[in-house]
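Examining the three-dimensional arrangement
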Amino acid sequence: MAHWHHRMFGALILSCAMYGKAGAQRSAPDTKKVADTDSQKSTQPTPKLLSAALPSSTEDSAAESELLDLANKSRQRAGVPPLRKNENLIKAARAHARLMVEQRQLSHQFDGEPSLLKRLHETGVPLNSVGENVAYNADAEKAFDALMHSAPHRANLLDPDFNAAGFAAFWSEGRLYVVQDFVRQLPEITPVSKR
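Criteria and thresholds
- Residues numbered from 1 in each chain as written.
- Predicted model: local features only at pLDDT ≥ 70, side-chain atom pairs only at ≥ 80, totals over all residues.
- Heavy atoms only, no water.
- Helix = DSSP H or I, 4+ residues; strand = E, 2+ residues; numbered from the N terminus.
- Contact = heavy atoms within 4.5 Å.
- pLDDT = per-residue confidence, 0-100.
- Axes fitted to C-alpha atoms, helices over the stretch in contact; angles between N-to-C directions.
- Left-handed = near helix turned anticlockwise from the far one by under 90°.
- Nonpolar A, V, L, I, M, F, W, Y, C, P; charged D, E, K, R; others polar.
- Core = buried A, V, L, I, M, F, W, Y, C linked by side-chain atoms within 4.5 Å.
- Buried < 20%, exposed > 50% of the residue type's maximum accessible area, 1.4 Å probe, protein only.

**Section: the environment of A93**
On the secondary structure map, A93 appears in helix α2 (residues 87–103). Sequence separation between A93 and R119 is 26 residues; the distance between their C-alpha atoms is 9.2 Å. Setting aside anything within four residues of it in sequence, one finds A93 in contact with G166, F167, A168, V179 and D181.

Next comes the structure, spelled out in structure tokens:
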């Protein structure tokens, strides 16, 4: 069985770019393998100007799709395979993004919340390494640009070992809060006794 070994770039690496903030985290065990997952498109419009007037948080699936598209275009330019969207990872990213909105701050782990590795392992996705970027900014493109101009965030976005992801985007008080969860998803293995 895989031995979990944490590799962290820091509990929370913050960098300021434009009017936003961002943080990156990585964890990886010793083993590496390849896997598949599903893909889906969102058509919900991105509320860029209306967001400042909204009193509560609003999920933005169009911004999530835009962030994934921007990531995969950057990965293609870097000669790296695309990330595949995983619905279970999206649910985990959204749960963490809601906490960031509630706390009005960036963090990879709030008091009482499981670690990144445990959160993503609990999704049921077979994995052997994880990473996370968190940010907030004026819109998806500016958040992505800020992440790409920060070495640890860029490393997560362009890491060829990551093959699946779940991105979350929530508007609150005129800010787009972003969580990008990355994994190296392993293939599903069926025991011989179940075949």
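Read on for the rest.
**Quick word on the confidence of the model for the protein**
The predicted model of the protein averages 78 in pLDDT, with 71% of residues at 70 or higher. Counting interchain partners and residues more than four positions distant, the pLDDT-below-50 stretch residues 1–20 has 52 contacts. A low-confidence stretch, residues 28–55 stays under pLDDT 50, and its non-local contacts, those more than four residues away or across chains, total 71 contacts.

**Overview of the packing of helix α1 (residues 61–77) against helix α4 (residues 140–148)**
At a minimum axis separation of 9 Å, α1 and α4 run at an interaxial angle of 40 degrees. Relative to α4, the crossing made by α1 is right-handed. Residues A63, E66, L67, L70, A71 and S74 of α1 form the contact with α4, whose own contacting residues are A140, E141, F144 and M148. For the contact of α1 with α4, the per-class residue count stands at seven nonpolar, one polar and two charged.

**Digging into the side chain of Q180**
In this fold, Q180 is placed in strand β7 (residues 175–185). With residues near it in sequence (within four places) discarded, Q180 still touches L67, G131, E132, N133, L147, L157, G166 and F167.

**Details of the nonpolar core**
As a rule of thumb, soluble globular proteins bury nonpolar side chains together. Core analysis: the largest hydrophobic core is formed by 21 residues, its most contacted members being L67, L83, L157, F167, L176 and F182. Mapped onto this core, the elements with two or more residues apiece are α1, α4, α5 (151–158), β6 (164–172) and β7. Counting residues per element, this core draws most heavily on α4, at five residues. Here L67 is in contact with A140, F144, F167, A169, V178 and Q180, once residues within four sequence places are set aside. A93, V101, V134 and V179 belong to the second largest nonpolar core, which has 12 residues in total.

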